[in-house]
Amino acid sequence: MATERTFSIIKPDATNRNLTGKINAMIEEAGLRIVGQRRIQMTDAQAKKFYEVHAERPFYGELVEFMTSAPVVVQVLEGENAVAKYREVMGATNPEDAAPGTIRKEVALSIGENSVHGSDSQENAKLEIGQFFTEADIVG
Ligand code: ATP
Ligand code: MG
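This structure is a prediction, so every number in the text was calculated from the model and none was measured.

Asker: What is the right way to look at the site of ligand 1 in this model?
Answerer: Close to ligand 1 lie 13 residues, the nearest being Lys 11, Arg 87, Thr 93, Asn 114 and His 117. Side-chain polar atom of Tyr 51 to an oxygen atom of ligand 1: 3.1 Å apart, as the coordinates give it. Note that an oxygen atom of ligand 1 is positioned 3.2 Å from one of the side-chain N or O atoms of Arg 104. For ligand 1, the accessible surface in isolation is 580 Å², of which the surrounding protein chains cover 81%. Under a 2 Å grid-point criterion requiring more than half of the atoms, the pocket assigned to ligand 1 is the largest pocket. Along the lines of polarity and charge, the residues of the shell around ligand 1 split into 4 nonpolar, 6 polar and 3 charged.

Encoded structure:
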């Protein structure tokens with residue numbers, strides 16, 4: 001299995017509750033290395049672009065509003081099978097459906113305020129990392 005990178009966001013509901021360290025501990029305990037990390041206030045334009053694939057969904061406006069409501073932490077995670085591994089660590093989109101021990105089960109509030117984002121494919125990981133990081137900001 002090859003070493004991969006995936007893109008992560010610690011969302012406003014989590015930064016608001018000072019959960020960055022707890023979530024990072026869960027990421028690191030799963031064997032993923034945080035090789036890039038920055039706390040930012042996402043702009044409306046950045047959030048709209050990031051969630052462009054959901055533009056036609058009824059929750060798009062609410063999602064963009066939420067992602068810009070407080071700072072987020074954008075991250076690049078590296079490890080074996082990082083994309084799938086991080087999806088496992090996050091748990092299901094709706095915390096009610098998430099398995100015990102996953103980030104969303106342990107800390108998320110609702111399907112909207114679900115604490116973390118993780119890329120769903122290697123292709124999207126590359127695109128998403130490129131939206132927020134330059135290679136110089138990633139130190140493996
Ligand atoms: P993410 O892309 O954030 O990692 P995901 O891949 O598990 O989450 P998606 O289907 O890509 O889920 O949805 C993107 C995000 O949109 C979700 O994480 C959630 O915050 C929000 N979302 C999805 N479905 C709903 C919904 N029914 N109501 C409100 N928000 C939703
Ligand atoms: Mg998604």
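Here the narrative resumes, following the displayed structure.
Asker: Explain the environment of Gln 131 here, please?
Answerer: With respect to the element layout, Gln 131 can be found in helix H7 (residues 122-132). Separated by 85 residues in sequence, Gln 131 and Gln 46 have C-alpha atoms that sit 8.4 Å apart. Apart from the residues within four sequence positions on either side, Gln 131 is in contact with Gln 46, Lys 49 and Phe 50. At a separation of 3.2 Å, a polar atom in the side chain of Gln 131 contacts the main-chain carbonyl oxygen of Gln 46.

Asker: Honestly, the pattern of salt bridges in this entry has me stumped. Any pointers?
Answerer: Pairing between side chains of opposite charge can happen when their charged atoms approach one another. Under the definition given, this model contains 4 salt bridges. Notably, a salt bridge pairs Glu 135 with Arg 5, separated by 3.4 Å at the nearest N-O pair. Of the two residues, Glu 135 sits in the segment after H7 while Arg 5 sits in strand E1 (residues 3-10), which places them 130 residues apart along the sequence. Accessibility expressed as a relative area gives 56% for Glu 135, which makes it exposed. A relative accessible area of 26% places Arg 5 in the partly exposed class. A salt bridge links Lys 48 to Asp 44, with the nearest nitrogen and oxygen atoms 2.7 Å apart. Linking Lys 48 with Asp 44, this pair stays in helix H3 (residues 44-50), spanning 4 residues, or about one helical turn. Take Lys 48: its relative accessible area is 39%, and that puts it in the partly exposed class. By relative accessible area, which is 39% here, Asp 44 ends up partly exposed.

Asker: Just checking my understanding: could you explain the sheet that holds strand E3 (residues 72-80) for this structure?
Answerer: Strand pairing in a sheet relies on backbone hydrogen bonds. The paired strands run either parallel or antiparallel. The sheet built from 4 strands is open, its strands ordered E2-E3-E1-E4 with antiparallel pairing. The two strands at the open ends of the sheet, each matched to only one other strand, are strand E2 (33-40) and strand E4 (116-118). Going from strand to strand, the sheet's axes swing by 20 degrees on average, the running direction of each strand aside. Taken together, the 3 bridges between E1 and E4 define a ladder with antiparallel strand orientation. Note that in E4 the partner of Ile 9 across the bridge is His 117. Contacting E1, E3 and E4, helix H5 (residues 82-90) runs over the sheet at an angle of about 35 degrees to E1.

Conventions adopted
- Residues numbered from 1 in each chain as written.
- Chains lettered and ligands numbered in written order.
- Predicted model: local features only at pLDDT ≥ 70, side-chain atom pairs only at ≥ 80, totals over all residues.
- Heavy atoms only, no water.
- Near = heavy atom within 4 Å.
- Polar contact = N/O pair within 3.5 Å; in protein donor to acceptor, adjacent residues only side chain to side chain.
- Areas by Shrake-Rupley, 256 points an atom, 1.4 Å probe, with all protein chains shown as cover.
- 1 Å grid on protein atoms, 1.4 Å probe; cavity = no way out; pocket = protein on both sides within 12 Å on 5 of 7 lines; lining within 4 Å.
- Sits in = over half its atoms within 2 Å of the grid points.
- Nonpolar A, V, L, I, M, F, W, Y, C, P; charged D, E, K, R; others polar.
- Helix = DSSP H or I, 4+ residues; strand = E, 2+ residues; numbered from the N terminus.
- Contact = heavy atoms within 4.5 Å.
- Salt bridge = Lys/Arg side-chain N within 4 Å of Asp/Glu carboxyl O.
- Buried < 20%, exposed > 50% of the residue type's maximum accessible area, 1.4 Å probe, protein only.
- Pairing = 2+ DSSP bridges.
- Axes fitted to C-alpha atoms, helices over the stretch in contact; angles between N-to-C directions.

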